[in-house]
Amino acid sequence: MKLLPELPEVETVRAGLEAQMVGQRISKVLLRRDGLRFPFPENMEKRMVGAEVGAVERRAKYLIIRLNTADDWLVHLGMSGYFSLVNDRGSIANYEPLKHDHVLVEFENGFIAVYNDTRRFGVMDLFPAGRENEHRLISHLGPEPLLDSWDASVLAKSLSGRKTAIKVALLDQKVVVGVGNIYASEALFRARISPLVESAKIVGKNGINMRSALLVSEIKKVLREAIAAGGSTLKDFKSVDGTLGYFAHSFKVYGREGEACVTNTCVGEVERIVQGGRSTFYCPVCQKK
Ligand SMILES: [Zn+2]
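Residues numbered from 1 in each chain as written. Predicted model: local features only at pLDDT ≥ 70, side-chain atom pairs only at ≥ 80, totals over all residues.

### Section: the sheet that holds strand β1 (residues 26-31)
A sheet is described by the order of its strands in space; here four strands give the open sequence β1-β6-β7-β5, paired in antiparallel fashion. Where the open sheet ends on each side, the last strands, each with one partner, are β1 and β5 (81-86). Sheet twist, expressed as the mean angle between neighbouring strand axes with direction ignored, is 15°. Sheet topology places β1 next to strand β6 (residues 101-107); five bridges connect them, and they run antiparallel. Within the sheet, the bridge partner assigned to L31 lies in β6 and is V103. (Pairing = 2+ DSSP bridges. Helix = DSSP H or I, 4+ residues; strand = E, 2+ residues; numbered from the N terminus. Axes fitted to C-alpha atoms, helices over the stretch in contact; angles between N-to-C directions.)

Next comes the structure, spelled out in structure tokens:
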């Protein structure tokens, strides 16, 4: 099952790129088409060549690669984008591109970051350094789930008075970013909360309560566990094919329609429903309304 890159995948890619790129200078950029989901920025090659990478950060599912120039480099993997780090051929001139290799970035130390994206829903842009909060794709985004500042009281504020089903609300990027379809189902299962519950009911009348606190904690845990699983694949990424960010997962409800609920004492069966056009998997027996 090949899955969309979700926050844990993007975080794994971030860590992989960070390990290779930080402190390295870009010596060549080759764009093999005019753009991905949007056209590439003007003079992208010229603006990147000579720049040294200072840091590789993440905001929601966007990678923000800090350059020591007037620009920072923004990357979104879209639905099928991935980076391969190639370091045995030395230069772009010797590299034989695969189908859908759209962007090649060569570094002075000889490795090449190759961006491949079959469906081309990915994004690459350059923006004024440090000013991602003004970028049209980022300015509207809500809180990061893994920051300590995102807690039950923040969630309560964003859910209070909302009649939307909790699963749908968790995919709203203004409520919280990057939880994604899979981890929303998984976290709700772990918190024993039905995906159909009205959002406002989770927070109750006085804001935080046991359920909202548990939900926040399970969202953080399920994302951290997935990131750790991705991190463990990073250690030997060179021995695979240098491809960053896609790794095997084990889910408790996602993709398990018709299977017995994994909760020991539960006789329920995992069901699939569609909410907001997306599949939700849950156990109607142990996830309470
Ligand atoms: Zn169950």
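### What about the pairing of strand β3 (residues 62-67)?
The buried fraction of β3 is high, at five of six residues. With six bridges joining them, strand β2 (residues 53-59) and β3 adopt antiparallel strand pairing. Bridged to E57 within β3 is I64. One ladder, built from five bridges, connects β3 with strand β4 (residues 71-76); its direction is antiparallel. Directly across from Y62, in β4, lies its bridge partner H76. (Buried ≥ 20, exposed ≤ 12 C-beta atoms within 10 Å, placed from the backbone.)

### Concerning the sheet that holds β3
Read across the open sheet, the four strands follow the order β2-β3-β4-β8; overall the sheet is antiparallel. Of all strands in the sheet, those bounded by a partner on one side alone are β2 and β8 (123-128). Neighbouring strand axes in the sheet, compared pairwise and without regard to direction, differ in orientation by 20° on average. Strands β2 and β3 of the sheet are contacted by helix α1 (residues 7-21), whose axis makes an angle of about 175° with β2. (Contact = placed C-beta atoms within 7 Å.)

### So, the environment of I65
Structurally, I65 is set in strand β3. On a C-alpha basis, the gap between I65 and K220 in space is 24 Å, while along the polypeptide they are 155 residues apart. Those residues within four positions of I65 in sequence are excluded, and the remaining contacts are M21, V53, V56, D72, W73 and V75.

### A look at the nonpolar core
By size, the foremost hydrophobic cluster in this structure holds 68 residues, and its most contacted members are L63, I65, F83, Y183, A187, L188 and I219. Both of domain 1 (7-134) and domain 2 (152-282) provide at least three residues apiece to this core. Once residues lying within four places of it in the same chain are set aside, the contact partners of L63 are V10, V13, R14, L17, V56, R58 and V75. (Core = buried A, V, L, I, M, F, W, Y, C linked by C-beta atoms within 7 Å. Domains from an automatic or database assignment.)

### Description of unusual backbone geometry
Excluding glycine, a negative phi dihedral is what most residues carry, and trans is how most peptide bonds are arranged. Positive phi, close to 50°, is recorded for A60, a residue that is not glycine. Topologically, A60 is positioned in the loop between β2 and β3. The class of A60 is partly exposed, set by 19 C-beta atoms lying within 10 Å. Positive phi outside glycine occurs at R192, with the angle close to 60°. Among the secondary structure elements, R192 is positioned in the loop between α5 (180-190) and α6 (199-203). R192 sits in the partly exposed class, given 16 other C-beta atoms within 10 Å.

### Notes on the confidence of the model for the protein chain
Scored by pLDDT, the protein chain has a mean of 91; 91% of the residues are at 70 or more. Contacts for the low-pLDDT stretch residues 236-241, under 50 throughout, to residues beyond four places or in other chains number four contacts. (pLDDT = per-residue confidence, 0-100.)

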